[in-house]
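# Architecture and fold: a report
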Amino acid sequence: MIGIFDSGIGGLTIVREVFKQLPDRQLVYFGDTARTPYGNKSADTIIQYALEDTEFLLSQGAKIIVVACNTASAVATDAIKKRYPDVPLFEVITPAVSAAVKRTKNRRIGVIGTRATVQSMIYQKKIEMMHNDCTIISKPCPLFVPLVEENFINDPITKMIARRYLRPLRLQQIDTLILGCTHYPLIKSIIQIKIGKRVSLIDPAEQTVAELKKYIEEHPDIERQPPKNSEHHFFFSDVAPHLKQLAAQWLDTKIQPLLHRLR
Ligand code: DGL
């Protein structure tokens, strides 16, 4: 069983991709809706939450962990690896960086994400680790998350804010832009218009699930086919009235949210 966690409902964009690329796999999802957002919190708090989220998924029988949240991926991956060295762990930063480095022609890559993700400088560090000469230009876009959760997906306000956030990146003449937050693929078309159609957008969900698929194919023992009629489980630390509707809209299918309080 694949375990996926996020700070809230944004990680459903990864679930959507798993449904597309790995339709036969059973998954268990945990969205920490009671403590969301992670993106404006300190690194210590994000690490503590991410470890608790991982522990819960493992207790539910997950054999592989996917950190769908970019903020947790940026800040807590090392801590999770250290605590659970034997658990295969997938985060959303490395696959996005690899794809961006392959795609850029002018070696100028933009990254947008939460404040915590941008402050972690994780993209710059990954590029350095790859000994790559690309320049990373990043910009936090904290208002995108509440706009998406308000369902202002195709709204003039979102367009106006996108123009304001993306202008500096446009002026820096990037040719590739990483959508470094779970929610941003849902406003991909607005971002594309405001950053310019010549800029190539990288959706970390697509890249991460492609790597996960490859891993599962290469390690058939780790994730056997689920028994017939096995269901996915969607846990949340708070189940607000609008959650079901948003989830159905983002996933194109209904889910039955289960409440799991962490404390
Ligand atoms: N899931 C978070 C991310 O991808 C966005 C929401 C939050 O700040 O918790 O960075």
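Let me begin by describing the structure that accompanies this report. (Residues numbered from 1 in each chain as written. Predicted model: local features only at pLDDT ≥ 70, side-chain atom pairs only at ≥ 80, totals over all residues. Heavy atoms only, no water.)

A separate point is the packing of helix H1 (residues 12-21) against helix H10 (residues 204-218). Running from amino to carboxyl end, H1 crosses H10 at an angle of 45°, the nearest separation of the two axes being 9 Å. Taken together, the axis directions place H1 and H10 in an arrangement best described as oblique. Seen along the crossing, H1 lies across H10 with a hand that is right-handed. Listed contacts from H10 to Thr13, Ile14, Glu17, Val18 and Gln21 of H1 are Ala205, Glu206, Thr208, Val209, Ala210, Leu212 and Lys213. (Axes fitted to C-alpha atoms, helices over the stretch in contact; angles between N-to-C directions. Helix = DSSP H or I, 4+ residues; strand = E, 2+ residues; numbered from the N terminus. Parallel < 35°, antiparallel > 145°, perpendicular 65-115°, else oblique. Left-handed = near helix turned anticlockwise from the far one by under 90°. Contact = heavy atoms within 4.5 Å.)

This brings us to the pattern of salt bridges. Applying the stated criterion across every chain, the model contains six salt bridges. The partner of Glu17 in a salt bridge is Lys20, with the nearest N and O atoms 3.6 Å apart. Here Lys20 and Glu17 lie together in helix H1, a separation of three residues that amounts to about one turn. Judged by its relative accessible area of 6%, Glu17 falls in the buried class. Each of the salt bridges in this network shares a partner with another, and the network as a whole consists of Asp32, Arg35, Glu52 and Asp53. (Salt bridge = Lys/Arg side-chain N within 4 Å of Asp/Glu carboxyl O. Buried < 20%, exposed > 50% of the residue type's maximum accessible area, 1.4 Å probe, protein only.)

Okay, the nonpolar core next. Core analysis: the largest hydrophobic core is formed by 51 residues, its most contacted members being Ile4, Ile112, Phe144, Leu177 and Ile191. Among the nonpolar cores identified, the runner-up in size contains 39 residues, and Phe5, Tyr38, Ala62 and Ala96 belong to it. (Core = buried A, V, L, I, M, F, W, Y, C linked by side-chain atoms within 4.5 Å.)

So, about the sheet that holds strand S7 (residues 176-180). The strand order S6-S5-S7-S8 describes an open sheet built from four strands, whose pairing is parallel. Looking along the sheet, the strands with just one partner apiece sit at the ends: strand S6 (135-140) and strand S8 (200-202). Along the sheet, successive strands turn relative to each other by an average axial angle of 25°, direction set aside. Bridging between S7 and S8 involves three bridges; their strand directions are parallel. Paired with Thr176 across the bridge in S8 is Ser200. Contacts from helix H4 (residues 93-103) reach strand S5 (108-113), S7 and S8 within the one sheet, and its direction differs from that of S8 by about 160°. (Pairing = 2+ DSSP bridges.)

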